[in-house]
Amino acid sequence: MTPFPGRLAIQQRVLASYRLPLFDLLAASCMGGLSVGAGQPTARESIAVSDRLQVARFTPLDNLHLFAGPLYLCHQRGLRRWLTEWDPAALILEANPRYLASPAAIRWMKQRRRPVLGWGLGAPPTSAPFALLRSRRRLAFLRQFDALITYSRRGAEQYA
C-alpha cells in the first residue's frame, strides 16, 4: 500500500468495535497520522463501541439524536472543531444525508481545497412519503463528494 503523505480524518456516527483493526491498519499508512471522530449510539441501539485504537487517534464527538425510525437525524457537535484542530489533508465522511453536520464539514474542507470522500452502503431507492424530495436531497448531498467508497458492487451501482 502506498503511504498517504498527510493527515487523514475519518468521521463515523459511532466507532463500532469491529472497525478498530481497519482504522489502525489505515493509520499505519498515513504518514501524518489518522484521526477518527465519532460519537455514541442511541440508548436503544445494540452497537458495541470502543475508543481503544492502537495506532489511530480517537476524538469523541457529541451525537445529538433527533427523532427515530425513518425520521431519524443526527447532529454531531464538535465535528468542525475537530477538523480545525486536526487540520486533515483529506476527510472521509459517512455518506449519509441524515447527519446534519456533514455539509458544514464538507464546506470547511472545500474552502481549503482538500478532498472529501463519502463512505457508505449505497443509496437504495427512497420510498413514500416525499420520495421525490428525499431522492433529490440525497443526490445533491452525494454530489458534494470528490469520490464515494462502498462495500459492494450493488452499492456502487446505486451511487452511480
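Each value, and the rule that gives it
- Residues numbered from 1 in each chain as written.
- Predicted model: local features only at pLDDT ≥ 70, side-chain atom pairs only at ≥ 80, totals over all residues.
- Heavy atoms only, no water.
- Salt bridge = Lys/Arg side-chain N within 4 Å of Asp/Glu carboxyl O.
- Helix = DSSP H or I, 4+ residues; strand = E, 2+ residues; numbered from the N terminus.
- 1 Å grid on protein atoms, 1.4 Å probe; cavity = no way out; pocket = protein on both sides within 12 Å on 5 of 7 lines; lining within 4 Å.
- Points joined across faces, edges and corners; volume = space filled by probe spheres on them.

What is the right way to look at the pattern of salt bridges in this model?
Where charged atoms from two side chains of opposite charge approach closely, those side chains can pair. For the structure shown, the criterion picks out four salt bridges. Across the pair arginine 77 and aspartate 62 runs a salt bridge whose closest N-O atoms are separated by 2.9 Å. With a gap of 15 residues between them, arginine 77 in strand 5 (residues 73-77) and aspartate 62 in strand 4 (residues 62-66) connect regions that are remote in the sequence. In this structure, the salt-bridge partner of arginine 114 is aspartate 87, at a minimum N-O distance of 2.6 Å. Of this pair, arginine 114 sits in the loop between helix 3 (102-111) and strand 7 (116-120) while aspartate 87 sits in the loop between helix 2 (79-86) and strand 6 (90-94), and the two are 27 residues apart along the sequence.

Please explain the layout of surface pockets as it appears in this structure.
Over the atoms, a rolled probe matching the size of one water molecule traces out where space is still vacant. Approximately 960 Å³ is the volume attributed to the largest pocket. Every residue lining the largest pocket is counted, 34 residues in all, and those nearest its centre are Ala95, Asn96, Pro97, Arg98 and Tyr99. Counting residues per element, the ones that place at least two in the lining of the largest pocket are strand 1 (8-14), strand 7, helix 4 (131-142) and helix 5 (153-159). The element contributing the most residues to the lining of the largest pocket is helix 4, with five residues.

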